[in-house]
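Summary of the model geometry
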Amino acid sequence: MKLKASGVQFKYGKKLSNILEDVNFEVEDSSIYVLLGLNGCGKTTLIKVLAGLLPYSKGSIKYGELELSNIKIRDRSKMFAYVPQKISAGDDVIVRDYLAYGFANRLKFYERPKITQLEKIKEISEEVGITNLLDKQMNRISGGERQIVTIASCILQDTPIILLDEPMSALDLKNQNLVLSLLKKISSEGKTIVLSSHNPNHALFLNSNAILLNKGKVVESGLAKEIIKVELLKSIYGDEICESSQLDYSEISFKSANIF
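An account of the accompanying structure is given in this report. (Residues numbered from 1 in each chain as written. Predicted model: local features only at pLDDT ≥ 70, side-chain atom pairs only at ≥ 80, totals over all residues. Heavy atoms only, no water.)

**Brief notes about the pairing of strand 3 (residues 32–36)**
Burial runs high along strand 3: 5 of the 5 residues are buried. Alternating positions in strand 3 separate into two faces, Ile32, Val34 and Leu36 on one and Tyr33 and Leu35 on the other, with burial throughout. Relative to strand 8 (residues 192–197), strand 3 is paired through 5 bridges, and the arrangement is parallel. Bridge pairing in strand 8 links Ile32 to Ile193. Strand direction decides the pairing type here: strand 3 and strand 9 (residues 209–214), joined by 4 bridges, are parallel. From the neighbouring strand, Leu36 faces strand 9, where its bridge partner is Leu212. (Buried < 20%, exposed > 50% of the residue type's maximum accessible area, 1.4 Å probe, protein only. Helix = DSSP H or I, 4+ residues; strand = E, 2+ residues; numbered from the N terminus. Pairing = 2+ DSSP bridges.)

**Details of the packing of aromatic side chains**
Counted according to the given criterion, the structure contains 3 aromatic pairs. For the ring pair Tyr63 and Phe80, a centre distance of 4.7 Å and an interplane angle of 25° mean the geometry is stacked. Separated by 17 residues along the polypeptide, Tyr63 in strand 4 (residues 58–63) and Phe80 in strand 6 (residues 80–83) bring together distant segments of the chain. Residue class for Phe80 comes out buried when judged on its relative accessible area of 6%. (Phe/Tyr/Trp six-rings, centres within 6.5 Å; stacked < 30°, edge-to-face > 60°.)

**Overview of the pairing of strand 7 (residues 161–164)**
Judged by which residues are buried, strand 7 turns out to be covered on both faces: Ile161 and Leu163 on one side and Ile162 and Leu164 on the other are all buried. As paired strands, strand 6 and strand 7 are joined by 4 bridges and run parallel to one another. If you follow Ala81 over to strand 7, its bridge partner there is Ile162. Of the strand pairs in this sheet, strand 7 and strand 8 are connected by 4 bridges, and their pairing is parallel. Across the sheet, Leu164 pairs through a bridge with Leu195, a residue of strand 8. Tracing the backbone out of strand 7, into helix 6 (residues 173–188) and back to the parallel element strand 8 gives a crossover that is right-handed. (Right-handed = clockwise from strand over helix to strand, strands pointing away.)

**Here we look at the packing of helix 4 (residues 115–128) against helix 5 (residues 143–157)**
Taken N-terminus to C-terminus, the directions of helix 4 and helix 5 make an angle of 135°; their axes are 10 Å apart at the nearest point. By the angle class used here, helix 4 and helix 5 are oblique. Both helix 4 and helix 5 take part in a crossing whose hand is right-handed. Taking contact as the criterion, the partners of Lys120, Ile121, Ile124 and Val128 in helix 4 are, on helix 5, Ile148, Ala152, Ile155 and Leu156. When the residues that make up the contact of helix 4 with helix 5 are grouped by side-chain class, the tally is 7 nonpolar, no polar and 1 charged. (Axes fitted to C-alpha atoms, helices over the stretch in contact; angles between N-to-C directions. Parallel < 35°, antiparallel > 145°, perpendicular 65-115°, else oblique. Left-handed = near helix turned anticlockwise from the far one by under 90°. Contact = heavy atoms within 4.5 Å. Nonpolar A, V, L, I, M, F, W, Y, C, P; charged D, E, K, R; others polar.)

**Describing the nonpolar core**
Counting 52 residues, the largest nonpolar core has Leu99, Val149, Leu183, Leu195 and Ile228 as its most contacted members. Top contributing element to this core by residue count: helix 5, with 7 residues. Leave out the neighbours within four places in its chain, and Val149 touches Val95, Tyr98, Leu99, Ile130, Leu133, Met138 and Ile141. Tyr33, Val49, Leu54 and Met79 belong to the second-largest nonpolar core, a separate cluster that totals 29 residues. (Core = buried A, V, L, I, M, F, W, Y, C linked by side-chain atoms within 4.5 Å.)

**A closer look at the sheet that holds strand 4**
The 4 strands lie next to each other as 2-1-4-5, forming an open sheet whose pairing is antiparallel. Sheet topology places strand 2 (20–27) and strand 5 (66–67) at the edges, where each strand pairs with a single neighbour. Judged from the 2 bridges that link them, strand 4 and strand 5 form a sheet pairing that is antiparallel. Bridge pairing in strand 5 places Lys62 opposite Glu67. Across the sheet, helix 1 (residues 43–50) lies against strand 1 (3–10), strand 2 and strand 4, angled at about 60° from strand 2, the strand it touches most.

Laid out in structure tokens, this is it:
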């Protein structure tokens, strides 16, 4: 299923300036797109607009041939899954039960998951390496584990598109690698993924497409390894940005900034 944004505009109040201004891009099937830019550039806002959590004031967002604003909530849950920055699951929710939430869009009111669905929880848990967490409470596992559990729930939700708002923002380097590797695997199995990130290297690691945002506008989009270049990034991140060549791609970093 394709996702297409055309001329999207958003602002939080009538008298305030636009947070998003004339945003245009198209997401192809079975691909990964990473939204990049500085704090306050509109990444999180755009993810929430794409998820239908914030209403766009102008433009169009289409999932397939359907306009987002015309899609019922339950039908949206069959088209895309959403992972927020902060995951609130309740102190006493068991991981196994949290994963079962992924089936909510296909169950009737008060209906319990079927045996085949419970077996699917075990299967996915084994696939992403979280079987040891199934009987633990969500607030008793690490941030990285919680992020992987949430993504696993999205897999069980079985939507063609997954939207993630800065899924690596609170993770250490090891857990960032775990989550990025999981997203790479999911995409290779046919899912379409759109995520926001502060770090251009995430897009390079994923060998994904990238959409560069600056002050609510798309300034460049395309294959990450083609558009994530120092000269282009300087206009967004400043003159201290640089690159290294220790990997099979040029990793983006910073020189020491003179702040005095």
